[in-house]
Amino acid sequence: MKRLSLSVLIFLFPALLFAQKPSVEYKLSMPQPRTHFFEVEIRFQGLPASPSSLNVLMPVWRTGRYVIFDFPGGVQEFSAVTGDDSPLPWAKTDKLTWHIEKKRSTTVVVRYKVYANEFGDRTRGLNDEHAFVDGCAVFMYIERYRHLPLTLTVVPYKDWHVTTGLETVAGDQFKFSAPDFDYLIDCPLEIGDQQDYTFQVEGKEHVLSIYGKGSYNPDKLIKDITTIVKMNKEFWGDLPYKRYVFLIELTPHGGGGTEHINSTIIGLSPSTFKNSNSYRGFLGVVSHEYFHTWNVKRLRPKGILPYDFTRENYVKELWVAEGTTSYYGQLFLTRAGYVPASASLDAIAHMVQGDRQRPGDKIQSLDESSFDAWIKFWKGLQQGYNSESDYYGKGANVSLLLDLEIRQRSNNKYSLDDVMRTLYQRFPLAGGRGYTDDDVQKVSEEFAGSSFKTFFDNYVHGTAPLAWETALRYAGLDLQAKDAERKTWLGVWTSDQNGRARVNGVIAGSPAYEAGLDYGDEILAIDGQRIRSSDLQNRIADFKAGDKVKISLFRGDELREFDVMLRPQDVPPYKIVKVEKPTDLQKAIYESWLGTKWE
Ligand SMILES: [Zn+2]
């Protein structure tokens, strides 16, 4: 490197001293909500005169769902002007890039509209009742200035208010600040007449915000959410935020949640709170999304640190980010006493049957399921069940096996809990270094005191069948097949379509598959008797193994008939029972794992 002379330094010094960082201000308006159009203005000020052009980008995916949404497709009426409103020439150079010739202008203001009517995807939505914004789906950015602090001013419709994890700028309930663009897009906004309930846990403010009508009891919700918050604090050792917001939308198209840096957005059916089963389902979603506050929002796999908003972000560790989160999301409900241990064991028995029945588990590894999420898992492909494993479900299964294996090998001194905590400490978000499968294996080995190479080769990088019996035995549990309860099965799942049973999937190797039934067929009758989607499985179960039935169906416009030889389910249902005489270690593993007495 060439050294600068003193005179050059003296010449440069004032320029360096007064060089200002550009400022970035966003404004979001919604003057006519019924049209579904947000209006966005972004003001970049204090830009250097050179270079004379810049690129404004719109993300193509949102965090938490690993699929390309192509958000720029909803943008229209884009314009760019200088600080005194003189138009600047611009051109699109690819689907997500607006190239602006700013010349020497130090201020660039871009304006555009975004069509937003996708509440169900938890991306962007606006109607005459409320609005939801995931910044990835609404806000553009300049890569070079992505790390600058910014402000967002919301101009709500009528008397609507804003609920978000963003901090307000003092004294203004509609002006927010964020340390950078990545933080802005990780703080979704609910805008409308939602009910906000504020409560304190461990000295920090939490907000439960509910949009929509439903028969909920806020005090009960707050009590149960507080329990989940406290369990996570104990598990991870900290609450890594100043304030946390639980955004809940009660809508008929609700279903599922998305994690964010200091908030979550959960969509629910308004009837969720009416019975204890669906309420437990709700707590399961809360538990899952909140666990993500650490696992994936801070402890991040290498492939998504930092996020690249312009393309697919390939990552092999979604089985940890999502599968391990699914595992703990449920386990915490058991440890908290919301789900009795017996019901948890029934759920695991059900998972064993699902795992052994899914043809895709024998074809695609967890690494591959994670890596190809962008083109497979989230695409809901016709052949998905037969050709893919599932980084959520199988990821949870492998997390369970890993947990029990570490407990066994360490004499129950350590568990997957220790592995997760250690990864969280070793890979802080601010460090900018994401973890890989190898790191998970290495930390597991540190606690277990022996190699996990075969385990990872078999279950993470490979497709070996999971040794459920061995793992459950570590906790004093016996996995037993309920052979007598094998139902006669067809091997399809269907949905109702105008009174017909439309085939949405045919399990490879099943009687239906071998007879030639296909995705999209509309089943009309079995042995001349009309059949509906709702009673198809029961009708089939009434037949005996070995019975041959005639299935009439429409394939396209053709009426077709197929002879199907029925047989019992290939994989039986299972039950899990405690062994009669557990060892001390088996009892200890069972009790610390499920957080309940052996009894
Ligand atoms: Zn998740």
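Just above, that's the structure.
A. Summary view of helix 9 (residues 393-409). Between the first and last C-alpha of helix 9 there are 25 Å, a value that for 17 residues agrees with the 24 Å anticipated at 1.5 Å per step. A positive phi of about 60° marks Asn 411, the residue just after helix 9.

B. Layout of the coordination of the zinc ion. Here the zinc ion is held by the protein donor atoms His 288 (NE2), His 292 (NE2) and Glu 322 (OE), which lie 2.0 to 2.1 Å from it. The motif formed by the donor residues of the zinc ion, counted along the single chain, is H-x3-H-x29-E. Comparing His 288 with His 292, the two get one shared label, buried.

C. Summary view of the pattern of salt bridges. Under the criterion given, the structure shown has 31 salt bridges. Notably, a salt bridge pairs Arg 409 with Glu 405, separated by 3.1 Å at the nearest N-O pair. Linking Arg 409 with Glu 405, this pair stays in helix 9, spanning four residues, or about one helical turn. The class of Glu 405 is buried, set by a relative accessible area of 16%. By sharing partners, the salt bridges in this structure join Glu 41, Arg 43, Asp 85 and Arg 111 into a single network.

D. Region of interest: the nonpolar core. Tyr 26, Leu 28, Phe 38, Phe 139, Ile 191 and Trp 593 are the most contacted members of the largest nonpolar core, which has 151 residues in total. The element best represented in this core is helix 5 (residues 318-335), accounting for nine residues. When near neighbours in sequence (up to four residues on either side) are disregarded, Ile 191 contacts Leu 28, Met 30, His 130, Ala 131, Val 133, Val 154, Pro 156, Trp 160, His 161 and Val 162. Counting 18 residues, the second-largest nonpolar core is a separate cluster that includes Leu 490, Val 503, Ile 523 and Val 549.

E. Fine view of the sheet that holds strand 3 (residues 53-57). Read across the open sheet, the three strands follow the order 3-6-5; overall the sheet is antiparallel. Looking at which strands have only one partner, the edges of the open sheet turn out to be strand 3 and strand 5 (90-94). Shown here is a sheet whose adjacent strand axes are inclined to one another by a mean of 30°, direction ignored.

F. Molecular detail of the sheet that holds strand 7 (residues 108-115). Spatial strand order, 4-7-2-1-11-14-13: seven strands in an open sheet with mixed pairing. Edge positions in the sheet fall to strand 4 (75-81) and strand 13 (167-169), since each has one partner strand and no second. Ignoring strand direction, the axes of neighbouring strands in this sheet form an average angle of 25°.

G. Molecular detail of the pairing of strand 24 (residues 500-506). By the bridge criterion, six bridges tie strand 23 (residues 492-497) to strand 24 in an arrangement that is antiparallel. Opposite Gln 497, over in strand 24, you have Arg 500 as the bridge partner. If you look at the hairpin formed by strand 23 and strand 24, you'll find two residues sitting between the two strands, and Asn 498 has a positive phi there, around 50°.

H. Expanded view of the side chain of Gln 194. Position of Gln 194 relative to the elements: it lies in the loop between strand 15 (189-192) and strand 16 (195-201). Polar contacts involving the side chain of Gln 194 include one to the main-chain amide nitrogen of Gly 192, which spans 3.0 Å. Leaving out residues up to four positions away in the same chain, Gln 194 has contacts with His 161, Val 162, Thr 163, Ser 209, Ile 210 and Tyr 211.

I. Representation of the packing of helix 3 (residues 218-236) against helix 4 (residues 276-291) within the structure. In contact at an axis separation of 10 Å, helix 3 and helix 4 are set at 35° when each is read in the N-to-C sense. For the element pair helix 3 and helix 4, the recorded crossing hand is right-handed. Facing Lys 220, Leu 221, Asp 224, Ile 225, Ile 228, Val 229, Asn 232, Phe 235 and Trp 236 of helix 3, the residues of helix 4 in contact are Tyr 279, Phe 282, Leu 283, Val 286, Ser 287, Tyr 290 and Phe 291. Split into classes, the residues belonging to the contact of helix 3 with helix 4 amount to 12 nonpolar, two polar and two charged.

J. Region of the structure containing unusual backbone geometry. Look at the link from Ser 50 to Pro 51: it is a cis peptide, with omega at 0°. Counting through the fold element by element, Pro 51 comes out in the loop between strand 2 (37-45) and strand 3. Here Leu 305 and Pro 306 are connected by a cis peptide whose omega angle stands at -5°. Structurally, the position occupied by Pro 306 is in the loop between helix 4 and helix 5. With a phi close to 55°, Lys 103 is a non-glycine residue in the positive phi region. Tracing the backbone through its elements, the reader meets Lys 103 in the loop between strand 6 (97-101) and strand 7. Positive phi is not limited to glycine here, since Asn 498 has a value of about 50°. Here Asn 498 shows up in the loop between strand 23 and strand 24. The exposure class assigned to Asn 498 is exposed, which follows from its relative accessible area of 74%.

Rules of the game
- Each chain carries its own residue numbering, running from 1 in the direction its sequence is written.
- This being a predicted model, a pLDDT of at least 70 is required before a residue's local features are given, and a value of 80 or more before pairs of side-chain atoms are given or counted; all residues contribute to the totals for chains, interfaces and linings.
- Excluded from the side-chain calculations are hydrogens and water; all other atoms, namely the structure's heavy atoms, are used.
- Each helix corresponds to a stretch of at least 4 residues labelled H or I by DSSP, and each strand to a stretch of at least 2 residues labelled E; elements are numbered beginning at the N terminus.
- Take the residue count of a helix, subtract one, and multiply by 1.5 Å to get its expected span.
- In this description, a donor is an N, O or S atom within 2.8 Å of the metal centre, a cutoff extended to 3.2 Å for sodium, potassium and calcium. Water is not part of the atom list, which can make sites seem incomplete.
- Relative accessibility thresholds used throughout: buried, under 20% of the residue-type maximum; exposed, over 50%; partly exposed, between the two (1.4 Å probe, protein chains only).
- Salt bridges are defined as contacts in which a side-chain nitrogen from Lys or Arg sits within 4 Å of a carboxyl oxygen from Asp or Glu.
- As used here, the term nonpolar core means buried Ala, Val, Leu, Ile, Met, Phe, Trp, Tyr and Cys residues forming a set that is joined through side-chain atoms within 4.5 Å.
- The criterion used for residue contact is that any of the two residues' heavy atoms lie within 4.5 Å.
- One bridge is not enough; two strands pair if DSSP finds at least two bridges between them.
- Lines are fitted to the C-alpha atoms to define the axes, a helix being fitted only along its stretch in contact, and any angle between axes, read from their N-to-C directions, falls within 0 to 180 degrees.
- Pairs of N or O atoms are called polar contacts if they sit within 3.5 Å, as long as, within protein, a hydrogen donor faces a hydrogen acceptor (for residues adjacent in sequence, only side-chain-to-side-chain pairs).
- Crossing handedness follows the turn of the near helix against the far one: under a right angle anticlockwise gives a left-handed crossing, and clockwise gives a right-handed one.
- Residues were grouped as follows: Ala, Val, Leu, Ile, Met, Phe, Trp, Tyr, Cys and Pro as nonpolar; Asp, Glu, Lys and Arg as charged; and all remaining residues, including Gly, as polar.

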